[in-house]
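Analysis of the macromolecular model
One letter stands for each residue in the lines below.
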Amino acid sequence: MADVKIAAQSRTEFGKGASRRIRGAGKVPAVIYGHGAEPVHVTLPGHELMMALKTPNVLITLDIEGREELVIPKAVQREAIRGFLVHLDLLIVKRGEKVTVEIPIVTEGEVGPGGGLLEHVLSALPVEAEATHIPESVTVSVDGLEVGSSILAKDIALPSGTTLAIDGEDVVIQVLQPQAEEPAAEGAGEEGAEEPATA
């Protein structure tokens, strides 16, 4: 998996005004926590961080003014419309320890004939993996699945050293019967019924 190194600066200013100034300078406010340590507030370079976060569960080595800390993103806040980074929570990890993360589920293949609709009950799979060997994603074949079929968490092949962090019986993907469209005449009748009220 990807391992990125980013320089971080300690942050002493807090509040909305300070956060706006940080983002205005092209940086992102973040909090580092974990392993019983007091939370550490830092600012990170916006562009480098954005590029790093293109990889799910990216492992980041932070250089905090000469002190290195190994972290993974735990919560990413983005601006709703433009999508730029607003704030980040980072979790301290140690090489060799297990962490619980969600990894993206990628589907391949086509569902069977009959026009079934593929529903992702889960878009990401909760797993436990060694902090420096978190899979980037898992691939699930839906080829030939018929209406009413489902794929359970236990059916998904995981890389060595990775285990499920949810019940194996949980449904991850299912194929649904398409909903029949309502007849157009029904809608027209409703419109006609409203006409006297507007007169």
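Residues numbered from 1 in each chain as written. Predicted model: local features only at pLDDT ≥ 70, side-chain atom pairs only at ≥ 80, totals over all residues. Heavy atoms only, no water.

1. A closer look at the overall build of the chain
Our working rule: Each helix is a run of DSSP H or I of at least 4 residues and each strand a run of E of at least 2, with the numbering of both proceeding from the N terminus. When a residue's accessible area, from a 1.4 Å probe over protein chains only, is under 20% of the maximum for its type it is buried; when over 50% it is exposed; and in between it is partly exposed. By the convention used here, residues are in contact when the closest approach between their heavy atoms is within 4.5 Å. Only the protein chains shown count as cover for residues, with accessible areas throughout obtained via the Shrake-Rupley method and a probe of 1.4 Å.
Helices and strands together make up the secondary structure of the chain, namely three helices and 13 strands. Relative to its full complement of 199 residues, the chain shows a buried share of 35%. A sequence separation of at least 24 residues applies to 64% of the contacts in the chain between residues at least 6 apart. When the accessible area of the chain is evaluated, it comes to approximately 11700 Å², of which 51% is carbon and sulfur surface.

2. A short note on the nonpolar core
Considering soluble globular proteins, one finds that nonpolar side chains tend to be buried as a cluster. Selection criterion: Among buried residues, the Ala, Val, Leu, Ile, Met, Phe, Trp, Tyr and Cys ones that are joined through side-chain atoms within 4.5 Å form a nonpolar core.
The biggest cluster of nonpolar side chains holds 24 residues, and the ones touching the most others in it are Ile72 and Leu125. Elements with a contribution of two residues or more to this core: β5 (67-78), β7 (98-108), β9 (124-130), β10 (138-141) and β13 (171-176). Of the residues forming this core, the biggest block, four residues, is contributed by β7. Leave out the neighbours within four places in its chain, and Ile72 touches Asn57, Val58, Leu59, Asp89, Leu90, Leu91, Val93, Val99, Val101 and Ile134. Residues Ile6, Val28, Leu49 and Leu88 belong to the second largest nonpolar core, which totals 19 residues.

3. Some remarks on unusual backbone geometry
Phi at Asn57 is positive, roughly 55 degrees, even though this residue is not glycine. Inspection of the secondary structure assignment puts Asn57 in the loop between α2 (46-52) and β4 (59-64). Accessibility expressed as a relative area gives 12% for Asn57, which makes it buried. Of note, the phi angle at Glu65 is positive, near 50 degrees, even though the residue is not glycine. The residue Glu65 is located in the loop between β4 and β5 in this model.

4. Let's talk about the pattern of salt bridges
Our working rule: Whenever a carboxyl oxygen of Asp or Glu lies within 4 Å of a side-chain nitrogen of Lys or Arg, that contact is scored as a salt bridge.
For the coordinates displayed, the defined rule picks out four salt bridges. Salt-bridge contacts for Lys5 lead to Glu68; the nearest nitrogen and oxygen are separated by 2.5 Å. Here Glu68 lies in strand β5 and Lys5 lies in strand β1 (residues 3-10), a separation of 63 residues in the sequence. Here Glu68 falls in the partly exposed class, since its relative accessible area comes to 47%. Lys94 serves as the salt-bridge partner of Glu69, at 4.0 Å between the closest nitrogen and oxygen. Of the two residues, Glu69 is situated in strand β5 and Lys94 in the loop between β6 (85-92) and β7; the sequence distance between them amounts to 25 residues.

5. Quick look at the sheet that holds strand β11 (residues 150-152)
Applied cut-off: In this scheme, strands are said to pair when DSSP sees at least two bridges between them. Interaxial angles span 0 to 180 degrees and are taken between N-to-C directions of axes, which are lines fitted to C-alpha atoms, for helices over the stretch in contact.
Here three strands make up an open sheet; going across it, the order is β8-β13-β11 and the pairing antiparallel. Edge positions in the sheet fall to β8 (117-120) and β11, since each of these pairs with one other strand and no more. If you compare each strand with its neighbour and ignore which way they point, the axes differ by 10 degrees on average. Inspection of the sheet shows β8 paired to β13 by four bridges, in the antiparallel sense. In the strand pairing of β13, Glu119 is matched with Gln174.

Any functional reading would require information beyond the geometric quantities listed.
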